[in-house]
Amino acid sequence: MATKGNPGDNRSRSSLSSFIIVAALCCFFYVLGVWQRSGFGKGDSIALDITKKAEDCGILPNLEYETHHGNQSTSFDDPKQDIKEIEPCGEQYIDYTPCHDQMRAMTFPRENMNYRERHCPPDEEKLHCLIPAPKGYLTPFSWPKSRDYVPFANAPHKSLTVEKAVQNWVQYEGNVFRFPGGGTQFPNGADAYIDQLASVIPIDNGTVRTALDTGCGVASWGAYLFKKNVLTMSFAPRDSHEAQVQFALERGVPAVIGVLGTIKLPYPSRAFDMAHCSRCLINWGANDGLYMMEVDRVLRPGGYWVLSGPPINWQINYQAWQRPKAELEEEQRKIEEMAELLCWEKKHEKGEIAIWRKRVNNEYCRERDSRVTLCESSNAENVWYKKMEACVTPYPETTNSDEVAGGELKPFPDRLNTVPPRIASGSVPGLSVESFKEDNKLWKKHVNSYKRVNKILNSGRYRNIMDMNAGLGSFAAALESPKLWVMNVLPTIAEKDTLGVVYERGLIGIYHDWCEAFSTYPRTYDLIHANGVFRLYKDKCNAEDILLEMDRILRPEGAVILRDNVDVLTQVKRIATSMRWNTKMVDHEDGPLIPEKVLFTVKKYWVVGDNNSTVSD
């Protein structure tokens, strides 16, 4: 016998069905909006319109933060208070790089590229406004498509497409730039060039993991080395070839603005497995071989140095290079002489490519020591704004001729979680094998917790990631994936110098002082992680200045994860709210009684000319 239903049940089911349909439409429009803005759709205006509809449904741009801490989830939002809005900067600052500003650079000496080095503005000249994105800005394509295509609107500079047209660096095609993978020294493409190197250098088996590309251009060498699981730190100056480093980062390739000039490179000694110069226009024989000495400092024992282009094989190419034979001959003579003094073994020369290998220890180099000045070993890591010295960095001590100075590294990926030699040998005070393992375990726990809040953390949406206070690199190790890379930053005021440990794990990083701007263009990172940064700099510089710099280098709709004490994060949250960031503070993984909290934020999408309020209602 049929049971007569309650009319109210039908109404409830009808209301529920309507709600589900509306929610489904909202989700559809939201996903479509994100897809359009990611560069795969037909246009930014469509993306903005559809995304706006999605936002009307109460969905945060790009990220929906649902906090799950069992029954211990707690809100730490302050009571509503007046918050000072931080205004946008003018359109002329779209590509502003504070410490590499062109006008300021021209006031410094041109000798030895001093004017292309870091020259930061004094406090009274710092901007206190938000750097805008250009009109039409799009979220970059996902890797690996981003390696080959960059939206024109994100870096609207065509000079390289003209100046390097015959060298196949970059081409302008409608609303995108295309990067064919060519270069001055690899006309057959980066893959073919890298295969040439791999016939001499063990690139394919994990022995070579970290590389340095000096004068990188648009970083195609580093971009194609990702296929070999090699992580490359590329750098180039901000010079007349506009936007080289900007293009590299838009492509999803690690790069910084930098130059071999008068100060030491911001990397630790014995960091890189391989260093590379492909027609990088560095005068290697100048200044008594000073630049080669600096490469030697950052190259690990057993590492390789690749030089391709002038003056290699000058006898054949001097006419094509339009340079005098005698000049090129003398340049190569100086390079060969310095390589011998550095105790590098020449492994290969063919065509325009020469490859040297640094000896594994000092046993092979006793004879040279009387002909060179050895640096003070204690100064090998003291590099921030320190002048380069005409001295050779000594090897760590060894006990026999087969031992690798500083310790042998396992092939990657095994080296990622193996105890690094600097820790195993006790050369980093205050760190032990046990503390390293504990740190690794802790950050796996933290990252798993992050993924429960930011559900797209490992989806490929975030390619360029920065850790502002990297410690042992365990955050990056926990995230390790071919979808992303992490720039591990060691603050110059950190208690322990652990950047060498980061490199021994097969990761890359850089020294930096967060009281100053980072050496990159605006909008070059998808996600920034800051553990204890504001606690560390509490009495050093202004929290607002650090946050404004984070905003400058963060992409629209990029995310930030801040980990600090609750009192510090409460202040940071107020400033972040005034900067067009959506915020969400959550408990520590171990519960609400732990004073350390985590602040998740998303930078809102806005471009130059958008004058909407920075403060949410």
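Procedures and definitions
- Residues numbered from 1 in each chain as written.
- Predicted model: local features only at pLDDT ≥ 70, side-chain atom pairs only at ≥ 80, totals over all residues.
- Heavy atoms only, no water.
- Salt bridge = Lys/Arg side-chain N within 4 Å of Asp/Glu carboxyl O.
- Helix = DSSP H or I, 4+ residues; strand = E, 2+ residues; numbered from the N terminus.
- Buried < 20%, exposed > 50% of the residue type's maximum accessible area, 1.4 Å probe, protein only.
- Axes fitted to C-alpha atoms, helices over the stretch in contact; angles between N-to-C directions.
- Parallel < 35°, antiparallel > 145°, perpendicular 65-115°, else oblique.
- Left-handed = near helix turned anticlockwise from the far one by under 90°.
- Contact = heavy atoms within 4.5 Å.

The chain is annotated in an unreviewed UniProt entry as Methyltransferase from Anisodus tanguticus.

### A look at the pattern of salt bridges
If you walk through the whole model with that rule in mind, you get 35 salt bridges. Arginine 555 serves as the salt-bridge partner of glutamate 250, at 3.0 Å between the closest nitrogen and oxygen. Taken together, the residues span a long stretch of sequence, with glutamate 250 in helix α8 (residues 244–250) and arginine 555 in strand β15 (residues 554–565) at a distance of 305 residues. The burial state of glutamate 250 is the same as that of arginine 555; both residues are buried. Between lysine 445 and aspartate 590 there is a salt bridge, with the nearest N and O atoms lying 2.6 Å from each other. Residue lysine 445 is found in helix α14 (residues 433–453), and its partner aspartate 590 is found in the loop between β16 (581–586) and β17 (596–603); the two are separated by 145 residues along the sequence. A residue is classified by how much of its surface remains accessible, and lysine 445, at 35% relative accessible area, is partly exposed. Taken together, the shared-partner salt bridges connect Asp195, Asp204 and Lys228 into one network.

### With respect to unusual backbone geometry
Residues tryptophan 143 and proline 144 are joined by a peptide bond in cis, for which omega reads 10 degrees. Position of proline 144 relative to the elements: it lies in the loop between α3 (102–105) and α4 (145–148). Cis geometry marks the peptide bond from proline 310 to proline 311; its omega dihedral reads 5 degrees. Within the secondary structure layout, proline 311 lies in the loop between β8 (299–308) and α10 (314–321). With a phi close to 60 degrees, methionine 113 is a non-glycine residue in the positive phi region. The residue methionine 113 is located in the loop between α3 and α4 in this model.

### With respect to the packing of helix α18 (residues 543–553) against helix α19 (residues 566–577)
Close contact between α18 and α19 brings their axes to 10 Å; oriented N to C, the two are set at 50 degrees. Taken together, the axes of α18 and α19 lie oblique to each other. In this structure, α18 crosses over α19, and the sense of that crossing is right-handed. Contact with α18, carried on its side by Ala543, Glu544 and Leu547, involves Gln571, Val572 and Ile575 of α19 and no other residues of that element.

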